[in-house]
Every structure is written in structure tokens, then in C-alpha cells.
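The lines below spell out each chain.
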Amino acid sequence: MVARGYHVRPRGIKGSNCYTGPMIRSYVTVSSGTLASRLLGFARDSMVAALLGAGPVADAFLVAFQLVNVVRRLLTEGALNAALVPVWLRLRDTEGAAAAAAFAGKLLGTVSVALIAATALIGLGMPLLINGLAPGFAGSDALAMAVADARLMLPYLAFAGPVTVLMAVMNAQGRFALTAFSPLLFNVALIVVMAGLLLWRQDAAHAATILAGVVGIAGLLQLSMLMLRRGENAATPLRVSLDAEMRGFFVKAVPGMIASSGPQLLMIAAAIIASASPSAVSWLYFANRLIELPLGLVGVAMGTVLVGELSRAARSGDAAAMAHAESRALELAAGLALPAALGLIVLAGPIVRLLFEHGAFTAGDTAATARALMWLALGLPAQVLFKALAPAFFARENTATPLVSVLKGVAFALAASFLFGHLFGAEGIAAGIALGAWSSALSLAREGATRFGFAIDAAARRRLPRIAVAALVMTAAIWWMLRFLPSPGFAQAIALAALIACGIAIYGLLLQLFGVTGWRQAVNALKAAPRDLRG
């Protein structure tokens, strides 16, 4: 969280570019866009639940959609950003802006052509790919529906390439606003189409086909916005190349991109196991959507903003600046992830009912989704911790170590989900995913401590336990107030919103009481004028 005095240069950090005020302001800019996107995502998924329910049609559509979502998150939500920003900043500082722009133009052309070719190949091999992602669909109608839906969504991949590079270049320039808010177009396009489908009362199979086709159009809208605002000489000249420089970049970038997609890879592991159980894919998908709100607010923003800050500190050899940025990142991560995880566990049932129990989504689906959500929430702090630790490796252009940690976690999650899924169903799979997330986070923390040490300052060591206590007290207060929640309906929706707001207020007051932060200090940090926060 924002600590007292954070709006000034930290003592002992001479010549550092790591001003906490601009970093917090950048973080809030990115988080605001992510929050808006996630809220629209809730509206989108509520409509998906109403249109498709949680049966075979929904399972098929959501398996295909998760495939596209993994690529979308892997590319456009901070992953390639973590690889490109340190290289772009190094080129700009050592060889000039023209060299950085030329590298970005070469990357833009190469990635675009590569993804167009990959889209065609994946389309041809889609039946094999879906069989691998959802082996439980074999011999059922769900397999054919998933293949058809995935092929209709594939054009999104071709647009995701240039979107990725343009967003990363803008983030390297400190232009966070446009890249933070442009993903909203993806959800807006789907919501508009689904509103029409609900009004026209289309059957589930026909609605799923239409939605799959709209996904590609949504990618084109996002690319169009970024191309119009990319600025002059941001990525020029545009060309395709696989020279030594580009090959070296991909050798470092691809592992980092995969490592940054740990949460999505864990959910693919869950879908592989869950595909053998009717409706389990849908229950896990909708539960995970609630996990992605706090994960996006903290994780995506950490990956987008913190990599730049740590890269500058690493190049200058400023250990104090590194420690300061890492400490504030951990405080921000813990300060948002802990209350979010505990709150989701306590409020799982009412939240799932409010958001998704409409149309074809039944009360039984709500109960199963809520149980899965409670287990997934236990892994949320681990996923956020990984997002906070990984930039320290990316800033040093070390992408292999986070990748190995992610792969260990995915392997552990597959084994645990297979075992617990057979014993406890969808909630057992969710528990296995949570354990996989903790395996990845603890492995990365251990590697960081061994390789270069995480220099957490004294202020963070003092504040982190207080943040945990404040989150626990807030959770206890929400649990006690939950008994007064009225019966399901409009009154319950209003009461639930008031209950969440009350919990947030209690948490904020406790942070102030414990000396972690105060409202005035937070406002001062946000008002600190950054140098390069352009849209």
C-alpha cells in the first residue's frame, strides 16, 4: 500500500528514477483500465451464462474461448510487455530513439506475419488441439462444437500480434492510458452482440456460433484504435526479419511470455481434467472469472508498470531503488490480494448468485461454481505474489527462471487436480489449481532469494503483517454481517453491494489505525505529477 511520505524521493536513493508517486499513478492508470475491462467482463460472462447455461454447449464454447483468452493474455496483457520494455529502453538509452523505433518496427512486422501463419496452421490442426485440451469431449457433440467455435475465433490471433507490440512500445514510453483502456473494446463488442441475442431469444448453439465469430471482429477494433493513436516513428520502418538480433529477442521473450501466462495455463490444466465431467468446465470458468478481477488489478499492473521501474534501476546498478520498488510492489500486492481472496471465500455464494444465476444458469450451477470459487481464491495470493516477483527477473532479462517455476506449478496442478478431481469433482480440481499456484510462487521466491536476493526494506517488513491482520479483521466483520443479508432478489443485490463497501471501509480504517497508510498520504502519492503518463 502507499506509505507515508511516499510522494517524495526515498532517502538514500540518489539519482534514481524510481519515484513512488509516478509509479503509483501509473499503477492506478493501468489498474483503472483493467478494472473497467474486468467489470465489463463480468457483464459479458453474466450474459454468456444466461445464453448458454452450464451444459455441453457452454462447455464447448468456453474451452474454445479459453484457448483464445490464453493467447490474448499471453500477448496483450503484460506478457510481451515484460520482454520488450527492458530491450526498448536499453536501445533508446544506448543507441537513440531511432534505433529503438527500428527494432519495434522490425518486431511488429515479424510478429504479425508469424501469427498470421500460425493462425492458418492452428485452424487446420484444431481437432487435434481441442482433443488435447479437452480429452473428455472425445466421442461427444461437444468436440465438434468446440472445434467449430475455436476456428471462428481464430482471426483474433492475427490481430493480437500487432496489438501486442504497439501496446508494449506505448508502455515503454510511459503512455499507459490508451493501452490500459483499449482492451475494453473486446468486451464492449461481445456485450452489444449478446444483448441483441438475448432480445431475439436465440437458442444456445446458434448464439455460441455468433459469439465465436464476433471475437475476431473485437480484435480488429482494438488494433484499429491503437493504429490511429500510435504516434509518429513509434515502430518504424515496418519490416520482417529473423536476423540475429530478432532471434535473440525471441529466445528471451518466449519463455517470459509463457511465464507471464501462469494463471491461464493453470486454468487450461483445470479444463483438461474437468472436460470429463459434465458442466465442470463451465463452473470452473465462471469461478475463475471472479479471481481474475483482483488478479488483473494487481498482476497486470505490476507487470506493466514495475518492469520499467526495475529495468531502469537494474541498468543503473541502484540497489536501493530496486529494493524500494520491490518493497512497494509487495505491499501493493498483499494489500489488495489478501482482502480480495478472503472476501471471495466468505461471499462466494451471494456473489455467484447475483452475477450468473440468470436464464439457463441454475441454482445448482451457482452452488457448484461457489464451491469452486472458494478453493480457487486460496490460490489468489500466490498468483499475485508471482506477478510481483517475476518483474525482478524480467528487468534483468532473465525469463527462463520464471518459466521453469510456472511449468513446475502446472505439472503439480495437473497431478493434484487429477487426484482431487476424482475424489471431490470440480471443487477438487479447483483445489489442485490453488496448490499449483502456490508451487509456482514459492519456487520463484526461492530462486530469487538464491540468485540475487529480494531486498525488502524495513518498512515493508513492518507493514506486511499489519496488512494481513487488517484483512483478517475485515473478513471476520463481513462474515458476521453476512447473517443479515436478505433473501435473493433486488434487495439482496443492494445489501451485498453495501456489505462489500462496508468491508472496504473497515479495511481502509484499519490500515490507517495500524499506521500502514492514510488517506492524505495516498492522495498525495497519486497527485505526484509523472513525466510520461500520456494517453
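Up top you'll find the structure we're talking about.
What this report covers is the structure whose coordinates are included nearby. Position numbers for residues count from 1 along each chain, tracking the sequence in the order it is written. In keeping with the model being predicted, local features are shown solely for residues with a pLDDT of at least 70 and side-chain atom pairs are shown and tallied solely at 80 or more, while totals for entire chains, interfaces and linings include all residues. Computation of side-chain values: all heavy atoms of the structure, hydrogens and water removed.

**Section: the overall build of the protein**
Stage number 1. Secondary structure elements follow DSSP: runs of H or I of four or more residues count as helices, runs of E of two or more count as strands, with numbering from the N terminus. For the protein, the helix and strand inventory stands at 22 helices and zero strands.
Stage number 2. The buried share among the 535 residues of the protein stands at 57%.
Stage number 3. Every residue pair with non-hydrogen atoms within 4.5 Å of one another is taken to be in contact. Partitioning the intrachain contacts of the protein with sequence separation of at least 6 by distance along the chain shows that 85% fall at a separation of at least 24.
Stage number 4. In short, Shrake-Rupley with a 1.4 Å probe defines the accessible areas, and a residue's cover is counted only from the protein chains shown. Accessible area for the protein stands at about 20700 Å²; split by element, carbon and sulfur atoms hold 69% of it. Exposure classes here rest on a 1.4 Å probe applied to the protein chains alone. A residue is buried below 20% of its type maximum, exposed above 50%, and partly exposed in between.

**Observations concerning the packing of aromatic side chains**
Stage number 1. Centre distance within 6.5 Å is the pairing criterion for rings of Phe, Tyr and Trp, where only the six-membered ring of Trp is used; planes under 30 degrees apart are then read as stacked, over 60 as edge-to-face, and the remainder as tilted. On inspection of all chains with the given rule, the structure shows 11 aromatic pairs.
Stage number 2. Ring geometry for Tyr285 and Phe286: centres 5.4 Å apart, planes at 75°, overall edge-to-face. The exposure classification of Tyr285 matches that of Phe286, with both residues buried.
Stage number 3. Grouping aromatic residues by their ring pairs yields a cluster made of Phe61, Phe65, Tyr156, Phe186, Tyr285, Phe286, Phe356 and Phe361.
Stage number 4. Over the face of the ring belonging to Trp479 we find Arg483, whose NZ or CZ atom lies 5.7 Å from the ring centre. A ring is considered to have a charge above it if a Lys NZ or an Arg CZ atom is located within 6 Å of its centre and within 35 degrees of its normal.

**Focus: the packing of helix α17 (residues 380–394) against helix α18 (residues 400–424)**
Helix-helix packing is described using two parameters, namely the angle between the two axes and the distance between the axes.
Stage number 1. Put simply, α17 and α18 touch, their axes get as near as 8 Å, and they point 150° apart. From α17, Phe386, Phe393 and Phe394 reach across to α18, where they touch Thr401, Pro402, Ser405 and Val406.
Stage number 2. Note on residue classes: Ala, Val, Leu, Ile, Met, Phe, Trp, Tyr, Cys and Pro are nonpolar, Asp, Glu, Lys and Arg are charged, and everything else, Gly too, is polar. A per-class count over the contact of α17 with α18 returns five nonpolar, two polar and no charged. Comment: axis = line fitted to C-alpha atoms, over the contacting stretch for helices; angle = value between 0 and 180 degrees taken between N-to-C directions.

**Remarks on the pattern of salt bridges**
It is possible for side chains bearing opposite charge to pair when their charged atoms get close.
Stage number 1. Salt bridges are identified by distance alone: a Lys or Arg side-chain nitrogen within 4 Å of an Asp or Glu carboxyl oxygen. Summed over the entire model, instances satisfying the criterion amount to eight salt bridges.
Stage number 2. Residue Arg289 is joined to Glu292 by a salt bridge in which the shortest nitrogen-to-oxygen separation is 2.3 Å. Taken together, the residues span about one helical turn, with Arg289 and Glu292 both in helix α13 (residues 280–316) at a distance of three residues.
Stage number 3. Judged by its relative accessible area of 7%, Glu292 is buried.
Stage number 4. What you see here is one network of salt bridges that share partners, running through Arg44, Asp45, Arg289 and Glu292.

**Looking at the nonpolar core**
Stage number 1. Put simply, buried Ala, Val, Leu, Ile, Met, Phe, Trp, Tyr and Cys residues joined by side-chain atoms within 4.5 Å make one nonpolar core. The biggest cluster of nonpolar side chains holds 117 residues, and the ones touching the most others in it are Leu52 and Phe61.
Stage number 2. Setting aside chain neighbours within four positions, we find Phe61 in contact with Leu52, Asp149, Met153, Ala208, Leu211 and Ala212.
Stage number 3. Among the nonpolar cores identified, the runner-up in size contains 28 residues, and Val85, Leu107, Leu108 and Met246 belong to it.

**Thoughts on helix α11 (residues 244–260)**
Stage number 1. Here α11 contains 17 residues, and its C-alpha end-to-end distance of 24 Å stays within 8% of the 24 Å for a straight helix at 1.5 Å per residue.
Stage number 2. To get the bend at any residue, fit one axis to the seven residues that end at it and another to the seven that begin at it, then take the angle between the two axes. Taking the largest bend as the criterion, α11 deviates by roughly 25°, centred on Ala253, and proline Pro255 comes between one and four positions later.
Stage number 3. Considered for burial, the residues of α11 that qualify are Met246, Phe249, Ala253, Pro255, Gly256, Met257, Ala259 and Ser260. Between the first and last residue of a helix there are one fewer steps than residues, each counted as 1.5 Å, and that sum is the expected span.

**Here's the deal with the packing of helix α4 (residues 97–124) against α11**
Stage number 1. The interhelical angle for the contact between α4 and α11, taken along N-to-C directions, is 70°, at an axis separation of 11 Å. Between α4 and α11, the angle falls in the class roughly perpendicular. Residues Phe103, Lys106, Leu107, Thr110 and Val111 of α4 form the contact with α11, whose participating residues are Glu245, Met246, Phe249 and Phe250.
Stage number 2. Residue composition of the contact of α4 with α11, by class: six nonpolar, one polar and two charged. To sort the angles, those under 35 degrees are grouped as roughly parallel, those over 145 as roughly antiparallel, those from 65 to 115 as roughly perpendicular, and the leftovers as oblique.

**Considerations on unusual backbone geometry**
Stage number 1. Despite not being glycine, Ser279 has its phi angle at roughly 75°, a positive value.
Stage number 2. If you trace the backbone, Ser279 turns up in the loop between α12 (262–274) and α13.
Stage number 3. Taking relative accessible area as the criterion, Ser279 reaches 15% and is therefore assigned buried.

**Some thoughts on the environment of Glu292**
Stage number 1. Separated by 29 residues in the primary sequence, Glu292 and Pro263 have C-alpha atoms spaced 8.9 Å apart.
Stage number 2. We define a polar contact as two N or O atoms separated by no more than 3.5 Å, with the added condition that, inside protein, one atom must be a possible hydrogen donor and the other a possible acceptor, whereas residues neighbouring each other in sequence contribute only through side-chain atom pairs. Engagement of the side chain of Glu292 in a polar contact is seen with the side chain of Arg289, the distance being 2.3 Å.

**A closer look at a nonpolar patch on the surface**
Stage number 1. Patch construction takes residues with relative accessible area above 30% that form no salt bridge. Like charges are linked within 9 Å, and nonpolar side chains (Val, Leu, Ile, Met, Phe, Trp, Tyr) are linked within 5 Å. Nonpolar side chains collect at one region of the surface, where Met374, Trp375 and Leu378 lie side by side and expose about 270 Å² of accessible area between them.
Stage number 2. Note on placement: Leu378 falls in helix α16 (residues 363–378).
Stage number 3. Under the relative-accessibility criterion, Leu378 is labelled partly exposed at 42%.

**What to know about helix α7 (residues 155–172)**
Stage number 1. Helix length check: α7 (18 residues) gives 27 Å between terminal C-alpha atoms against 26 Å at 1.5 Å per residue, within 8%.
Stage number 2. If you look at α7, its biggest bend is around 25°, right at Gly161, and the proline Pro162 turns up within four residues after that.
Stage number 3. Counting buried positions over the 18 residues of α7 gives 15, a clear majority of the element.

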